[in-house]
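Examination of the molecular architecture
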Amino acid sequence: MPDTKPLKISRIEVDRDLCIGAAPCVTVAPGVFQLDEENKAYVVNQKGADDETILLAAQSCPVQAIKIFDEDGNQVYPEV
Ligand code: SF4
């Protein structure tokens, strides 16, 4: 049986060592991601967009610096 459980995001992390400040995450989900003075993204609000938008934002990152975890603490993006 495929796992059809809907995605429930519980935690978002930005790997600031990877982030290159390309900012599509900010464009897709400005309520969640903003750039700081070092031009690196950080999470302003873990619940600043719906889960689909947050996932889209993570997928838009060219260096996969955004990690997403579900409510069980499993990393759902990037796939491990
Ligand atoms: S899309 Fe990725 S590289 Fe660009 S600002 Fe966001 S986290 Fe950083």
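Predicted, not measured: the structure shown is a model, and the values here were computed from it.

Basis of the calculations
Residues numbered from 1 in each chain as written. Predicted model: local features only at pLDDT ≥ 70, side-chain atom pairs only at ≥ 80, totals over all residues. Helix = DSSP H or I, 4+ residues; strand = E, 2+ residues; numbered from the N terminus. Rg over C-alpha atoms; globule rule 2.2 N^0.38 Å. Buried ≥ 20, exposed ≤ 12 C-beta atoms within 10 Å, placed from the backbone. Pairing = 2+ DSSP bridges. Axes fitted to C-alpha atoms, helices over the stretch in contact; angles between N-to-C directions. Contact = placed C-beta atoms within 7 Å.

Another point: the overall build of the protein chain. Scanning the protein chain for helices and strands turns up two helices and five strands. Against the 2.2 N^0.38 benchmark of 12 Å for 80 residues, the protein chain shows a C-alpha radius of gyration of 12 Å, consistent with a compact globule. Viewed in the frame of its principal axes, the protein chain has a C-alpha envelope of about 45 × 25 × 20 Å. Burial statistics for the protein chain: of 80 residues in total, 21% are counted as buried.

On to the sheet that holds strand β1 (residues 9–14), then. Pairing is antiparallel in the open sheet, where three strands are placed in the order β1-β4-β5. At either margin of the open sheet sits one strand with a lone partner, and together these are β1 and β5 (75–77). Taken over all neighbouring pairs, the strand axes of this sheet differ in orientation by 35° on average, direction set aside. Sheet topology places strand β4 (residues 66–70) next to β5; two bridges connect them, and they run antiparallel. Each bridged residue has a counterpart across the sheet, and for Phe-69 the counterpart in β5 is Gln-75. Sheet strands touched by helix α2 (residues 51–60): β1, β4 and β5. Its angle to β4, the strand with the most contacts, is close to 145°.

Moving on, we get to the environment of Ala-29. Relative to the assigned elements, Ala-29 resides in the loop between α1 (24–28) and β2 (33–35). For the pair Ala-29 and Ile-9, spaced 20 residues apart in the sequence, the C-alpha separation amounts to 14 Å. Once residues within four sequence positions are removed from consideration, Ala-29 is found in contact with Gly-48, Ala-49, Thr-53, Ile-54 and Ala-57.

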